[in-house]
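A closer look at the structure
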Amino acid sequence: MSGTKEKRLYLSDRPPLTAVKVVMLAISYVLLFFYVFVILWPLSQILFASFNGNHGSYLQIGVSFSFSLKHFEYLFGETYFLNWVVNTILIALATALLTLFFVSFTGYAYSRYRFKGRKASLMAIMLIQTIPSFAGIAAFYTLHSIIVSIAPWFSRQMFLILIYAGGGIAGNTFILKGYIDSISRELDDAARIDGCGNLQVYRLIIMPIVRPMLAVIALWSFIGPFLDFMLPSILLNDPKSYTLATGLHTLINDVRNMHQPVFAAGGLLTAVPIIVLFIALQKQLVSGLASGAVKG
Amino acid sequence: MKVDLVNIGKKYEGRENFTIRHIDLEIEDKEFCVILGPSGCGKSTLLRMIAGLNSITEGDLLFDGKRMNKVEPKDRDIAMVFQSYALYPHMTVYDNMAFSLKMRREKKTVIHDRVIEAAELLQITEYLYSKPSEISGGQRQRVALGRAMVRKAGVFLLDEPLSNLDAKLREHMRVELVRLHKSLDTTSIYVTHDQTEAMTMATKIVLLDDGKVQQAGRPSEFYEKPANLFVAGFIGSPTMNTFPGVIEKGLFKADGDLFTVEPGQEDKKKLSGHEGKRVVMGIRSERFLAGKAEKNGITVEVDVIEMLGKEQLLYCKFPNGKECVISEPGHFKYAIDEEHNFHLDTQGLHFFDEETSGRIN
């Protein structure tokens, strides 16, 4: 008896739906499902195409499906795919680590210290980062030739890492500074009285608190090299040293070497490292993204 | 530890004037010294200078005779409790309390013993392994105290530690803090803007305003002999009534012919040099006696009554609109808009020079 009675209780905090609201809600859901379709349909096509043995060099519409791993075999056997993966992951990791390292210092310093030129340099960073890194390509070439003449072991990939990290440091300094600003300075004071030096205050107190934001910065910096095509295609000249984006591009930009289904398979595998990192950082990321949203 | 401040001054970067200046203070060993003042008077600055979190622009800070101006906070043998508690959010209560000892590379067994000892004294053993975000404000306050206690420092600094607690808990913690101070056997320096906290806890009060020490001494001195008009107005609730006027033939005449008072014999002697000069007379609300008398009487109309139970506060008006607050026992019958006669207790009068606002009697 009491069970049926409880079911009738209206427990929602919102006012009950009227007929008009039901219609509006239905429309919202239709729009949402349409949006989901727009995103998922191409992804599913990539998935099917990469496993479909009936595709030849080109992706064709209306081909029947027969499961096969031949595109993956081609990818691993006939191309430098593994080199590209290793290259990209190394570049991405180095970029992320370098960015984290420098942003930790710059963000902390800009948030906690008052020094001459603080405002001016912050403004300068903001202005400079609005210039696309592509515009500096001439400068990059000049710098590269200078550096190589001093240190011949300095490869073009290392240069790429420097460019990515350099670009990331500027914007992320702002984000981290804003986040650290929101932490009470009394924590620093307490730590100082408890016996911490400047670096210890950051390492033992501030860094653990800003870890979510550091995770977000790490992820962004890590994803960057996976997505960028332009810089590596200009800077890197040996197919073995390509990153995934430029490497896979060779499979679709030339008629003589056209393998669109293989490109799809490669694209699918590209997502794997990012997903792995995302899952590893998930706990930090959720709180980091949420608080970042409020604090800008 | 004895703390001496000799002619201390602080000027912040980019400011034109000194925030505080010419501060001379002697805080004896094991004293509970409260630095009291309205917000923005520089009391927190003074505490932070003692802690070493702010630099000292001029003057000397001495701990047991040793100059501390250039010593790092961690080497000053101090412990501090912050207004926001400043607990490290990513550490458990235990780690928060153990942190300073860990930084000093104490032995693990020593750290454990000290933390447990402090936790037992503050009754927070249950929460030792919770994060600060999981415990209530009052418990956080205790953790903050515990974190300072484990250091066994020579000077205990507290920056408005009770201002985030609710009224009931604050009352409770006041007593607890005094108890703690006794058991710790250290010098405590406590900053607050709350005169009740100052009056109830301190063995010595330092009242700051406008970057200067207005008065320093025992709590009772502040109530009975305020050094100037500012102190008279700041200490005591309700605020002391003040009447500007002149001394004529040894009598005090309030402006607007409100009333005339004949001061007591001792006050008369001290006022003799002010014959014909302007002075301000102060009287606390409880020094008005009910009923008519031959002299020193006033007649006022009751405007508002605040009934507090054991006493009632009568907000009264003179015929010319001048207001005063009178407190009378709660069982006396008064009603709004009635006229009543009171007379002034001449033992409870305070006279101040109107020009310098300094105390005369």
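Residues numbered from 1 in each chain as written. Chains lettered and ligands numbered in written order. Predicted model: local features only at pLDDT ≥ 70, side-chain atom pairs only at ≥ 80, totals over all residues. Heavy atoms only, no water.

**Side note on the overall build of chain A**
- Assigned secondary structure in chain A consists of 12 helices and 0 strands.
- When the helices and strands of chain A are placed in sequence order, the string is α-α-α-α-α-α-α-α-α-α-α-α.
- For 296 residues, the compact-globule formula gives about 19 Å, and the C-alpha radius of gyration of chain A, at 25 Å, lies well above that figure.
- C-alpha extents for chain A along the principal axes are approximately 85 × 70 × 30 Å. (Helix = DSSP H or I, 4+ residues; strand = E, 2+ residues; numbered from the N terminus. Rg over C-alpha atoms; globule rule 2.2 N^0.38 Å.)

**A closer look at the interface of chain B and chain A**
- Taken together, the contacts link 24 residues of chain B with 16 residues of chain A.
- Of the roughly 1600 Å² buried where chain B meets chain A, counting both sides, 65% is carbon and sulfur surface.
- The largest share of the area that chain B buries against chain A comes from Tyr88, His90 and Met103 of chain B, three residues that together contribute 31% of it.
- Here Arg48 of chain B makes a salt bridge to Asp189 of chain A, at a shortest N to O gap of 2.8 Å.
- Scanning the region where chain B abuts chain A turns up 8 residue pairs in polar contact (both at pLDDT 80 or more).
- Elements with a minimum of two residues in the side of chain B that touches chain A: helix H1 (43-51), strand S6 (78-81) and helix H2 (93-103) of chain B. (Contact = heavy atoms within 4.5 Å. Buried area = accessible area lost by both parts, 1.4 Å probe. Salt bridge = Lys/Arg side-chain N within 4 Å of Asp/Glu carboxyl O. Polar contact = N/O pair within 3.5 Å; in protein donor to acceptor, adjacent residues only side chain to side chain.)

**Topic: the sheet that holds strand S19 (residues 339-344) of chain B**
Residues and elements named next belong to chain B.
- Strand order across the open sheet formed by 5 strands is S15-S19-S16-S17-S18, with antiparallel pairing between neighbours. In this open sheet, the two strands that pair with only one neighbour each are strand S15 (288-290) and strand S18 (323-329). Taking each pair of neighbouring strands and ignoring which way they run, the sheet shows an average axis angle of 50 degrees.
- The sheet contact formed by strand S16 (residues 297-307) and strand S17 (residues 311-317) spans 6 bridges and is antiparallel. (Pairing = 2+ DSSP bridges. Axes fitted to C-alpha atoms, helices over the stretch in contact; angles between N-to-C directions.)

**Describing the sheet that holds strand S13 (residues 260-261) of chain B**
All names here are of chain B.
- With respect to topology, 5 strands assemble into an open sheet ordered S13-S12-S11-S14-S20, the strand pairing being antiparallel. In the strand order of this sheet, the two ends are held by S13 and strand S20 (349-353), each with one partner.
- Bridging between strand S11 (residues 241-248) and strand S12 (residues 251-254) involves 4 bridges; their strand directions are antiparallel. Each residue of the ladder has a partner; that of Glu248, found in S12, is Leu251.

**What about empty space enclosed by the protein?**
- The final tally for this structure, using the stated rule, is 2 cavities of 30 Å³ or more.
- In this model, the largest cavity occupies a volume close to 50 Å³.
- Forming the walls of the largest cavity are Ala190, Ile193 and Asp194 of chain A together with Ala79, Met80, Phe82, Arg147, Ala148 and Arg151 of chain B.
- Elements that contribute at least two residues to the lining of the largest cavity include exactly helix H8 (185-194) of chain A together with S6 and helix H4 (137-149) of chain B.
- Tallied by class, the residues present in the lining of the largest cavity amount to 6 nonpolar, no polar and 3 charged.
- Looking at the second largest cavity, its volume works out to about 40 Å³.
- Considering the residues around the second largest cavity, the lining is formed by Phe32, Phe156, Leu158, Leu177, Leu180, His181, Leu184 and Ser188 of chain B.
- For the lining of the second largest cavity, the elements supplying multiple residues, two or more each, are strand S7 (155-159) and helix H5 (167-184) of chain B.
- The leading source of residues in the lining of the second largest cavity is H5 of chain B, at 4 residues.
- Within the lining of the second largest cavity, the residues separate by chemical class into 6 nonpolar, 2 polar and no charged. (1 Å grid on protein atoms, 1.4 Å probe; cavity = no way out; pocket = protein on both sides within 12 Å on 5 of 7 lines; lining within 4 Å. Points joined across faces, edges and corners; volume = space filled by probe spheres on them. Nonpolar A, V, L, I, M, F, W, Y, C, P; charged D, E, K, R; others polar.)

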